[in-house]
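# Secondary and tertiary structure notes
The primary structure of each chain is shown beneath.
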Amino acid sequence: MTGTRRTVVALFLLPALVLLGALVVYPIGYSVVRSFYDQSGDGFAGIDNYKSLFTDDGIRAALKNNIIWVVFAPTVATALGLIFAVLTERVRWGTAFKLVVFMPMAISMLAAGIIFRLVYDQDPEKGVANAVWVGVHDTFTESSAFPKAHPGRQSPLRPDQGGFITRQPVRAGQPVALPLVGVAPDQMPGNAKKAAQARTEPGKVTGTAWQDFTRGKGVGRLGQVDPSELGYPGMKIEAVKDGKVVDSAKVRDDGTFTLSDKADGALLRLPADNFREPYNGLDWLGPSLVTPAIIGSYVWMWAGFAMVLIAAGLAGVPRELLEAARVDGANEWQVFRRVTVPLLAPVLAVVTVTLMINVLKVFDLVFIIAPGSSQDDANVLALELYRKGFSEDQPGVASAIAVFLLLLVIPVMLFNVRRLRREVRR
């Protein structure tokens, strides 16, 4: 190159170099310098700000969470991307599926955070995660329809181990009345019918469990079945003698039930399962689950990125090697594990390392998704940097965190650059 050409090159590069210096080099240098000064910025603090990185409880919690993020988020996102790329390679609608999986990348972190704040809402009526979880739970474990039911005035029932039990033993041939109150009319099960007076059956204990309440002042008779009152369908009744259950029955839709002659002389118990509060799902944004929940939202966004890169690498895998392995008798799992994955190792390494760099800087999702009560438990270094710098007015400590993050990112970034150059040489 001649001197003239070098001058032209320098002129073309000058605007980019000025911007790079103003937006990257200067902020980094200023952060390094500022990290050695106190809160006011006038007194030299030495390495005191860096000592805070390992003594401050908030920063230590953030560092612990960052380690969890670096270990799990890139690994899970890369694994899902690999699975999606391999499984969609042979299907006709694979391109459409990849497009759908990649679409979350077009959503900003702010929008994704708002979406998942709603997804993880505690109320199953609002939060999709708890709606699904409660649905699965209720499929295998029946929920109580009467969590608020309890005996009213002058009731023959008394409290017993979370449920209720009759005060006196019951006798065969004498219908038993088990009146309850406390369930709002609109909360009664849809199959509840008008309560009926139990009929007498020889040698058996019969009775009625019903909602002993009629709207309107002076309407209805206490302790007796009135025409507008409903039964408690599905409620479990147990006959107890000497602390042991000798018989049990389920209340019919009209509130009536029948027990065998074994119940003669027993106490009738309404066990606590009848009054269990309905299952309300998991506290996704509570202290114990908030970090895995936020990592799940990150994986939702970045699995598509991993899938696209891995699919591009998979397209370059020689097909004759895969066919040769199948001809030699290898099944699809063996081909995947011993041929496909080793050939994709360079791509997988690049994707994983890129995601690790991205994870170290995660801020938006944690800040938006984690509620104030759980934000300390979900804290990460980037969020702690923001809190120290703006909420707690400790710019020196915030600068030290920024420098520490830079030092963490540089080795991973250099590893990625070296691997990319190695791939280019090949």
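What this report covers is the structure whose coordinates are included nearby. These numbers were taken from a predicted model, which means no experiment stands behind them. (Residues numbered from 1 in each chain as written. Predicted model: local features only at pLDDT ≥ 70, side-chain atom pairs only at ≥ 80, totals over all residues. Heavy atoms only, no water.)

So, on to the overall build of the protein chain. A tally of regular secondary structure across the protein chain gives 13 helices and eight strands. Against the 2.2 N^0.38 benchmark of 22 Å for 426 residues, the protein chain shows a C-alpha radius of gyration of 34 Å, more extended than a compact globule. Projected onto its principal axes, the C-alpha coordinates of the protein chain cover approximately 115 × 75 × 40 Å. Burial analysis of the protein chain (426 residues in total) assigns 38% to the buried set. (Helix = DSSP H or I, 4+ residues; strand = E, 2+ residues; numbered from the N terminus. Rg over C-alpha atoms; globule rule 2.2 N^0.38 Å. Buried < 20%, exposed > 50% of the residue type's maximum accessible area, 1.4 Å probe, protein only.)

Below, the discussion takes up the sheet that holds strand β7 (residues 256-259). Taken together, three strands build an open sheet; the order of strands is β3-β4-β7 and the sheet is mixed. Lying at the two open borders of the sheet, with one neighbouring strand each, are β3 (176-180) and β7. Recorded for the sheet is a direction-independent mean angle of 20 degrees between the axes of neighbouring strands. In the sheet, β3 pairs with strand β4 (residues 205-211) via five bridges, with the strands oriented parallel. Opposite Pro179, over in β4, you have Trp210 as the bridge partner. (Pairing = 2+ DSSP bridges. Axes fitted to C-alpha atoms, helices over the stretch in contact; angles between N-to-C directions.)

Of all the seven residues making up β4, seven are buried; the element is thus mostly covered by neighbouring parts of the structure. Here β4 shows a buried face lined by Val205, Gly207, Ala209 and Gln211 and a second buried face lined by Thr206, Thr208 and Trp210. Bridge count for β4 against β7 is four bridges, and the pairing is antiparallel. Note on β7: the bridge partner recorded for Thr206 is Thr258.

Remark: a regular strand shows side chains that alternate across the two faces of the sheet. Every second residue of strand β2 (residues 163-166) is oriented toward a common face, with Gly163 and Ile165 on one face and Phe164 and Thr166 on the other, all of them buried. In terms of strand pairing, strand β1 (residues 157-160) meets β2 through four bridges, oriented antiparallel. Bridged to Leu157 within β2 is Thr166. The loop that links β1 with its antiparallel partner β2 comprises two residues; one of these, Gln161, has a positive phi angle of about 50 degrees.

Turning to the nonpolar core, a few remarks are in order. Core analysis: the biggest nonpolar cluster contains 47 residues, and Trp69, Tyr120, Ile294, Tyr298 and Ile310 have the highest contact counts within it. Within the residue set of this core, elements represented by two or more residues are α3 (57-87), α5 (109-119), α7 (290-315), α8 (319-327), α9 (332-360) and α10 (364-369). The element contributing the most residues to this core is α7, with 15 residues. Apart from residues no more than four positions distant in its own chain, Trp69 is found in contact with Pro74, Thr291, Ile294, Ile295, Tyr298, Val359, Val362, Val366 and Val380. Core analysis: the second largest hydrophobic core is formed by 26 residues, Phe164, Val170, Ala209 and Ala266 among them. (Core = buried A, V, L, I, M, F, W, Y, C linked by side-chain atoms within 4.5 Å. Contact = heavy atoms within 4.5 Å.)

Among the surface-exposed residues, Val9, Leu13, Leu17, Leu19, Leu20, Leu23, Val24, Val25, Ile28 and Val32 lie close enough to one another that they form a single nonpolar patch of about 860 Å² accessible area. Looking at where Leu17 falls in the secondary structure, it is placed in helix α1 (residues 3-34). When its relative accessible area of 53% is taken as the criterion, Leu17 is described as exposed. (Patch = residues over 30% accessible without salt bridge, like charges linked within 9 Å, V, L, I, M, F, W, Y side chains within 5 Å. Areas by Shrake-Rupley, 256 points an atom, 1.4 Å probe, with all protein chains shown as cover. Salt bridge = Lys/Arg side-chain N within 4 Å of Asp/Glu carboxyl O.)

All right, on to the packing of aromatic side chains then. Counted by the stated rule, this structure contains 21 aromatic pairs. Considering the side-chain rings of Phe84 and Phe97, the 5.4 Å spacing of their centres and the 75 degrees angle between planes classify their relative orientation as edge-to-face. With Phe84 in helix α3 and Phe97 in helix α4 (residues 94-102), the pair connects residues that are 13 residues apart, well separated along the chain. Residue Phe97 is classed as partly exposed on the basis of its relative accessible area of 27%. For the ring pair Phe164 and Phe275, a centre distance of 5.0 Å and an interplane angle of 80 degrees mean the geometry is edge-to-face. Taken together, the residues Phe164 in strand β2 and Phe275 in the loop between β8 (267-270) and α7 connect sequence positions 111 residues apart. Among the residues examined, Phe164 registers a relative accessible area of 12% and is labelled buried. Residue Phe275 is classed as buried on the basis of its relative accessible area, which comes to 10%. Site record: aromatic cluster; members linked through ring pairs are Phe116, Tyr120, Trp133, Trp284 and Trp300. (Phe/Tyr/Trp six-rings, centres within 6.5 Å; stacked < 30°, edge-to-face > 60°.)

Any functional reading would require information beyond the geometric quantities listed.
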